[in-house]
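Residue-level structure breakdown
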Amino acid sequence: MPLLSLQNISRNFGATRAVADVSLDVAQGEFFGLLGPSGCGKTTTLRMIAGLEKPDSGAILFQDKDITDLPPERRGFGMVFQNYALFPHLNVFENVAFGLRARHVPKAETSDRVRSALELVQLPGYEKRAIDELSGGQQQRVAIARAIAIEPVLLLFDEPLSNLDVSLREETRGELRELVTRLGLTAVYVTHDQEEAFALCDRISVMVGGRLMQSGAPRELYEEPSDLAVARFLGRNNLIRAMRLSASKTTDGEFRTLDGGHTLHLTVARDELAPLNKPVVLAIRPEHVRLSSNHADAPNSLRGTIREIVFAGATSTVRVDANGLLLEALVVQPDGLQINQQCAVVLPADKLRLLNHG
Amino acid sequence: MNTDVKRIRGLEQSKIRRVSAAARQWQLVLLFVVTVVVLIYGVIYPNLSVVSASFQRAGSWTLANYKEILSQRVVIESILSSLGLSIGTVVLCALVGVPLAFLFERFTFPGRRLFAGVAALPLVLPPLVGTVAFIFLCGESGILAHGIQNLFGLQNPPWRLSGWPALLLFHTYTMYPFFYVLTGAGLRRIDASLAEAARSLGGSRAFVFLRVLAPQLTPSLIAAALLTFMTSMASFSAPLLFGGNVRVLTLEIFQARQRGDMTMAITETVILAVISLAALTIFQRYEGTRKFAAATMKGAPRRRVTIASGKARALAATAAVVFAIVLVLPVATLILVSFAREGSWTTQTLPSAYTLANFQRIFSDPFAAEVFFNSFSMSVIAAVAALAWSFCVVTLLLKRARGNATFLGNSGRRLLSLLILIPWALPGTVVAVSVAEAYGQPSWLLGSFVLVGTFWILPVIYFLRFMPLVVRALQASMEQVDPSLAEAAGSLGARAWRRFVRVTLPLVWPGAVAGTLLAFVIALGEYVASVLVFVPANRPISIAIASELRDFNLGAAAAYGVVLIVIISVSMLIAGKLERLR
C-alpha cells in the first residue's frame, strides 16, 4: 500500500493545462523526486499534495483515505518553500514554534521540540535571532526545522536549495538527505536540477509540459529514457533520427540514419515500438560513444572526422562529423586525437535506445 | 619620451580630479546654504515666532495666554471636538476602507474594476469643492433631501446636514481611501507563501489571519490611521460649512483671527500644532517595529479568488456598483448644478432648467479671470520653486554609494528630513498663522518688508505646504537611479554638471514632474490657509467659490468647482502617465 497516491490529477489555470492526468505513488519512507524543466507543473503538483491548490479532477489518497478536499492545515504535511516563507515579524524560535502553537502544544513541550528541531538542523542557540539576521543557508535550515517540528508524516520540498550558492547547495543536500533518513520520514522533493534529484532521491518522476513522462530509480531514468522529452531533459544525449528498415528481425533492429545514411543495429525489446518506414529517434549517451583512430571493424562503426575538441577538466567532449551525422563523444584522455583527423566512431548496440514519440 | 608623456598625463588627470572634487565640495556648500536659508525663513523662524508669541504678553514671558485660554470652556470643547472628530473619523474610515480593500484585493467578480477605478476619487477632490458637492447632494435642500421630501410629500426636509453625523459622514467619504489604498497595497505586498506556510503548519484561517496577515498589515494600517487622523485634524471646510454646533480647533482659530483676537488665535495654533506633531510621533514610534518580507513571485503566485457561488457573486457585484455610484454621485451632482439656471432649483428634486450661463459667466467675468490668474500664477510659482529647491535638498539627502563622502552625516540628513516634513504634517491653518505671525511686522529676517498683505504671502505658504510632496517624489526617483551610472559617466570624463544634465536628469524628470504637478493641483484648490491671509490682490479660486456660495450663486460656485476638477483630472492623468515612464 502506497503512503500517498495521486490518481489522474489535473489542474488548469485558465486555458493553460498546468497538470494533466498525473498519477503516481509514493511509498512509506521513500525520498521521492518530481523533476522537470520550469513550468512543467511539478510545483503545482506539490501544491496540490499540500492542499494549497485544488485539482480540477482526480483524487489524492493518503494512507488510503481521500484527502482531495482536506484543507492544508488538517493534512499535517510539513512543507519547505522555495523562498523559505519565514515569518519576518517572528524570531527563529517563534517561527519554528508556529505549527506547535497552532496545535496548542503545551508550552514546555513546545520549547523542547523547538530546541531539538534546531539541534537537528545544527542551529542550536539561535532561538532569539531575528530572521533577517540569518544568512541564506541559516534561513533555509530554520525553514526545515519549522517543517519537521510538527513531526509531519510527509515532508514536501519545493526547490528548497535553489536560492543557495553552489557549494552550500551540495553541502546542504547531503545533510538534508541524512536528516530525512534519520527521522524515517517520507519526502516529496520538487526540483529542476537533475543532479540534485539524482543525488537525493530514491525514485524520480520526470514531468514535462504538465504530463508525467517516466518514473523510476535515477540510474534507470538516465540509462533508459523512454521518451524523447526525458532523454532531452536528462543530461546530454546524441539524438539520431533514423528509419527502421524492413530487413530488421524481431530482436535485432536495423535502422538507417536520416543524416549520413548509416546503417545501425540495435537490440529492440519490443518490436512494435518501431513501425516500418516511419522516422524514429535513437539516443546514445556521449560517454558510450567510442572513438578509435584506426578503422575498427566492429558493428555500428562509422567513419567520421573530428571537428572540435573541448577540454573540460576530467573529460573532454569530442564532436565528430560522420558524413553529415554530428555526434558527441565524452573522452577521458583525448591523447592522440586531433582536429580534422579521420577516425572511427562506434555506437555499441546495447547502449543505443529507441525512444517513444520520435 | 613615452614615459614622460604618460607621467604628464597622469599629473594632469590627478589635477583634474582634485579640482573637480573641490568644485563638488563648493557646489554642495552652495546647495546646503540655499537649503538652510529656505528652512530658516520658511520653517524654523515662523514656527519659533508663533511659539514665542504664545508665551508672551506685553513684551514679557508668561504662561498667562495658556492659563486664560485653557480656562475657557469653548476652547476645551473645541480641543475635545477636534480629537473626537479625528478619532471617530479614523475608526469609521477603517471600518469602511479595510473590508473594501479585502473584498476588492482578494476576490474577483463582475464590477470589481468599476469600483477600483473610482475608489480613490475623493482623495483628489479639493476639500472645499468636495464639501460644496456634498451640500448639493446631501444638504437639507440638496437632491436627496428634496427627492425624499417630494416623494413622500413632507413639509420639512427629512434631515439637516449638520453637526457630528454630517461631519463624520463627510470625513468618511473623503478619507476612507487612505485605508482602502494602503490596506490594498499592504495586501499586495504580503508574500502569499507566508499564509500558505502558516496553513501547511496547521494554522486555521482565523489563526493565520491573526498571527501572520494582521502583523504584516499593521504598518499599512498605522500609516493609514496617521494620514486620516492628521487630515481630519486639519479639516476646515466641512466644519465651516456644516459643522453646526461642533466647533473644531481650526474653526476656532479662524474665528479668533476674524475677531482680531490674535493672542487667542496664536495660542490655539500652538495647541493644534502640538497635537498634530504628538500624533505624528506616536504613530511613527510604531512604524518600523514590524518586519516585512518583500513579495517574491516564485512559488506562490497570488491570484485573486474568483467568487464561485452565484448569490455571493451577485451580492459582491451589487456592492461594487452601489459603492461606485456613491463615490461618483457628489461629483455628478456638482456637474449637474453647474449647468442649472440660476433660480431653477428651489424645491424641485433636480434643477428644472439648464444653461451654460454659469460657465459663460466665470469665463467672461473679469473678476473670475483675475481669480483664475491668481490661483494659476501662485500655484505655478510655488510648484516650480518647490521643484528647484527639491534638487538642492535631495542632493543633500541622498545616500552616496561607496566611500564617496557624504556632506551631511546620518543625523544631519534625519534632521533635514524632519524639518521638511513639518510643514506637511502641520495643518494648513497652523502654517498660515505662523507665517502671518512671523512676517506680519518688520522682522530681523526681512527688514522693513512686511510679507502679510502682499501678493507673495500665498505663494510662500503654498510652497511651504506642498514642497514636501515634491521632495518625496524627487527623492524616490533619485534613489531608483543606480549610482554606478553617474560613476560610469564620471569614468568617461563627464564633470558633475554634465553627469547631472545628461544622466541623472533624463532618468528622474518624470517622477519629479509628476510630484510637481501634484503640488500644483493641490495648491490650485487650496482654501484652509488662503482664507486666513488672502488679500484682494491674490484672491484664489477657493475664495471665489466660498463667496459665490455665500451669495447663493450655487450654479457659479459649482461651475468653479467643475473647472477645478477638470484641471485636476487632466494633471493627474499626465502625472500618472509620467509615473509609468519612470
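The coordinates are above.
What you are looking at is a predicted structure, and each value in this text was computed from that prediction instead of being measured. (Residues numbered from 1 in each chain as written. Chains lettered and ligands numbered in written order. Predicted model: local features only at pLDDT ≥ 70, side-chain atom pairs only at ≥ 80, totals over all residues. Heavy atoms only, no water.)

Scanning chain A for helices and strands turns up eight helices and 20 strands. For chain A, the proportion of its 358 residues judged to be buried stands at 54%. Restricting the contact set of chain A to residue pairs at least 6 apart, pairs at least 24 apart contribute 66%. Per element, the accessible surface of chain A, about 15900 Å² overall, is 48% carbon and sulfur. Taken together, the 39 basic and 44 acidic charged side chains of chain A have centroids lying 3 Å from each other. (Helix = DSSP H or I, 4+ residues; strand = E, 2+ residues; numbered from the N terminus. Buried < 20%, exposed > 50% of the residue type's maximum accessible area, 1.4 Å probe, protein only. Contact = heavy atoms within 4.5 Å. Areas by Shrake-Rupley, 256 points an atom, 1.4 Å probe, with all protein chains shown as cover. Lys, Arg positive; Asp, Glu negative; His and termini not counted. Charge placed at Lys NZ, Arg CZ, Asp CG, Glu CD.)

Contacts between chain A and chain B engage 29 residues on the former and 26 residues on the latter. Interface area for chain A against chain B, summed over the two sides, is near 2400 Å², with a carbon-plus-sulfur share of 59%. Taken together, chain A and chain B are joined by two salt bridges. Between B:R199 and A:E73 there is a salt bridge, with the nearest N and O atoms lying 2.6 Å from each other. Where chain A touches chain B, the interface holds seven residue pairs in polar contact (both at pLDDT 80 or more). Secondary-structure elements contributing two or more residues to the side of chain A that touches chain B are α1 (42-50), β6 (77-80), α2 (92-102) and α4 (136-149) of chain A. (Buried area = accessible area lost by both parts, 1.4 Å probe. Salt bridge = Lys/Arg side-chain N within 4 Å of Asp/Glu carboxyl O. Polar contact = N/O pair within 3.5 Å; in protein donor to acceptor, adjacent residues only side chain to side chain.)

Time to look at the sheet that holds strand β9 (residues 203-208) of chain A. Residue and element names in this part refer to chain A. Spatial ordering of the open sheet is given by β6-β7-β8-β3-β9-β10, a layout of six strands whose pairing is mixed. Taken across any chain shown, the strands that pair with only one partner, and hence form the sheet edges, are β6 and β10 (211-216). Within the sheet, the average angular offset between the axes of one strand and its neighbour, ignoring direction, is 15°. One ladder, built from four bridges, connects strand β3 (residues 31-35) with β9; its direction is parallel. Each residue of the ladder has a partner; that of L35, found in β9, is V206. Sitting on the sheet, α4 is in contact with β6 and β7 (154-158), with an inclination near 170° to β6. (Pairing = 2+ DSSP bridges. Axes fitted to C-alpha atoms, helices over the stretch in contact; angles between N-to-C directions.)

What follows covers the packing of helix α17 (residues 410-425) of chain B against helix α19 (residues 457-480) of chain B. For any two helices packed against each other, the geometry comes down to the angle between their axes and how far apart the axes lie. All names here are of chain B. Following both chains from N to C, one finds α17 and α19 inclined at 125°, their axes separated by 7 Å at the closest point. Here α17 lies oblique to α19, going by the angle between them. Where α17 crosses over α19, the handedness of that crossing is left-handed. Here α17 contributes I420, L421, P423 and W424 to the contact with α19, which in turn contributes L464, R465, F466, M467, P468, L469, V471 and R472. The class makeup of the residues in the contact of α17 with α19 is ten nonpolar, no polar and two charged. (Parallel < 35°, antiparallel > 145°, perpendicular 65-115°, else oblique. Left-handed = near helix turned anticlockwise from the far one by under 90°. Nonpolar A, V, L, I, M, F, W, Y, C, P; charged D, E, K, R; others polar.)

So, about the nonpolar core. In this structure, B:F115, B:L334 and B:I545 are the most contacted members of the largest nonpolar core, which totals 158 residues. Here this core takes 13 residues from helix α16 (residues 366-397) of chain B, the largest share from any one element. Sequence-distant contacts of B:L334, that is, excluding residues within four places in its chain, are made with B:V129, B:V132, B:A133, B:F136, B:A558, B:G561, B:V562 and B:I565. A:F31, A:V114, A:L123 and A:V180 belong to the second-largest nonpolar core, a separate cluster that totals 44 residues. (Core = buried A, V, L, I, M, F, W, Y, C linked by side-chain atoms within 4.5 Å.)

What follows deals with the sheet that holds strand β17 (residues 315-322) of chain A. Residues and elements named next belong to chain A. Taken in spatial order, the five strands line up as β15-β19-β16-β17-β18 in an open sheet, and their pairing is antiparallel. Each of the sheet's edge strands pairs with one partner strand only, and the pair in question is β15 (290-292) and β18 (325-331). Across the sheet, the mean angle from the axis of one strand to that of its neighbour is 40°, orientation sign disregarded. Of the pairings in the sheet, the one linking β17 to β18 comprises seven bridges and is antiparallel in character. Bridging across to β18, D321 finds its partner in L326.

Moving on, we come to the pairing of strand β2 (residues 16-26) of chain A. Residues and elements named next belong to chain A. As paired elements, strand β1 (residues 4-13) and β2 share seven bridges and run antiparallel to each other. Each bridged residue has a counterpart across the sheet, and for L6 the counterpart in β2 is L24. The hairpin formed by β1 and β2 contains two residues between the paired strands, and G14 there has a positive phi angle of roughly 60°.

Next up on the list: unusual backbone geometry. Even without being glycine, A:D64 reaches a positive phi, approximately 70°. With respect to the element layout, A:D64 can be found in the loop between β4 (57-62) and β5 (65-66). Residue B:A58 is not a glycine yet carries a positive backbone phi of 50°. Following the sequence through the fold, B:A58 ends up in the loop between β1 (56-57) and β2 (60-61). Owing to a relative accessible area of 83%, B:A58 belongs among the exposed residues under this scheme.

Scope: geometric values only; no functional claims are made or implied.
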